[in-house]
Amino acid sequence: MAARVLLVEDEPSIAEIVEFALASEGFGVTWRTLARDAEAVLSADAHDLLILDIGLPDGSGLELLKRIRRDSDMPVLILSARNAELDRVLGLELGADDYVGKPFSPRELAARVKAILKRSARTRAIAAESAASEPADSSGFEVDEMRATIRFRNRPLDLTRYEYLILKTLLNQPERVFSRAQLMDRVWPDPAASFERSVDTHIKTLRAKLREIEPRFDPIRTHRGLGYSIRVMDQS
Ligand code: CA
């Protein structure tokens, strides 16, 4: 089935270019000009990817992205005239998958959309496979609190400070679901100054590091709208 893209863009001339570029690649495109209309579309109907303008008549696309990321992993590409580094960094930090600045090449945009969809299909396939195969477990982890390191299957994980603290917190209470806010309270020195979305970003990089050691291994479970937990296998 053709992938369905939701485009949120208030500039008709730009929307037309995007629609044309994507339609000629076989994508189905839904176009909305307002953030609130886009949210209504998404809650009514699943789409495979969101292309999001930052400057919208009823608010910032980044705010919309933040709301979407509370319970959705859907791929998001930011399309914005505000090609400032800060927007780019903030957009990616908030969980966008890619960023294209205006003016842009329609063909490049279509190619990036295809690349994101390919990546997300691969991630979903790996997740489905690992869910279907042996139950994932958190045995095989060794936390060394003295050295602030974690080994997995006898190999040291190269973790950032936040990744280390998140993984340690999850491993301390296997199967317990931690909300993003709870993880931030335990891990961030100043939780109020950070976005809850940062948790998702670090979880994403953590998963990638675990997959480097064991490609089908994903013991971290996402509980939609709730948070994260880590699974253990019954060791008895
Ligand atoms: Ca705009």
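Residues numbered from 1 in each chain as written. Predicted model: local features only at pLDDT ≥ 70, side-chain atom pairs only at ≥ 80, totals over all residues. Heavy atoms only, no water.

**Some details on the coordination of the calcium ion**
Four donors placed tetrahedrally around a metal ideally meet at 109.5 degrees, and six donors placed octahedrally ideally meet at 90 or 180 degrees.
Here comes step 1: Only Asp10 (OD), Asp53 (OD) and Gly55 (O) from the protein coordinate the calcium ion, and they sit 2.1 to 2.4 Å from it.
Here comes step 2: Owing to a relative accessible area of 4%, Asp53 belongs among the buried residues under this scheme. (Donors = N, O, S within 2.8 Å, 3.2 Å for Na, K, Ca; no water. Buried < 20%, exposed > 50% of the residue type's maximum accessible area, 1.4 Å probe, protein only.)

**Focus: the nonpolar core**
Here comes step 1: Residues Phe141, Ile150, Leu157, Leu167, Leu170 and Ile220 are the most contacted members of the largest nonpolar core, which totals 25 residues.
Here comes step 2: Elements supplying a minimum of two residues to this core: β9 (149-152), α6 (161-172), α7 (180-187), α8 (197-213) and β13 (227-230).
Here comes step 3: In terms of residue count, the dominant contributor to this core is α6 (six residues).
Here comes step 4: Each residue touching Leu170, except ones within four places of it in the same chain, is listed here: Phe178, Leu183, Ile203, Ile220, Tyr228, Ser229 and Ile230.
Here comes step 5: One finds Val8, Ala35, Leu50 and Leu56 within the second-largest nonpolar core, a separate group that totals 20 residues. (Core = buried A, V, L, I, M, F, W, Y, C linked by side-chain atoms within 4.5 Å. Helix = DSSP H or I, 4+ residues; strand = E, 2+ residues; numbered from the N terminus. Contact = heavy atoms within 4.5 Å.)

**Comments concerning the domain arrangement of the protein**
Here comes step 1: Partitioning the protein into domains gives domain 1 (4-126) and domain 2 (134-230).
Here comes step 2: Spacing between the C-alpha centres of domain 1 and domain 2 amounts to 28 Å.
Here comes step 3: Of the residues lining the interface, 12 residues belong to domain 1; the matching set on domain 2 comes to 12 residues.
Here comes step 4: The contact between domain 1 and domain 2 buries some 990 Å² in all, and 48% of this surface belongs to carbon and sulfur atoms.
Here comes step 5: Interface area lost by domain 1 to domain 2 is led by Asp73, Glu93 and Ile126, which between them contribute 38%.
Here comes step 6: Between Asp97 and Lys204 there is a salt bridge, with the nearest N and O atoms lying 3.6 Å from each other. (Domains from an automatic or database assignment. Buried area = accessible area lost by both parts, 1.4 Å probe. Salt bridge = Lys/Arg side-chain N within 4 Å of Asp/Glu carboxyl O.)

**Considering unusual backbone geometry**
Here comes step 1: In the segment running from Lys102 into Pro103, the intervening peptide bond is cis, with an omega of -5°.
Here comes step 2: Take Pro103: it is sitting in the loop between β7 (98-101) and α5 (106-132).
Here comes step 3: Phi is positive for Arg153, which is not a glycine, with a value near 50°.
Here comes step 4: Within the fold, Arg153 resides in the loop between β9 and β10 (155-156).
Here comes step 5: You can call Arg153 partly exposed: its relative accessible area is 33%.
Here comes step 6: One non-glycine residue, Asn154, lies in positive phi territory at about 70°.
Here comes step 7: Asn154 gets classed as exposed once you look at its relative accessible area, which sits at 56%.

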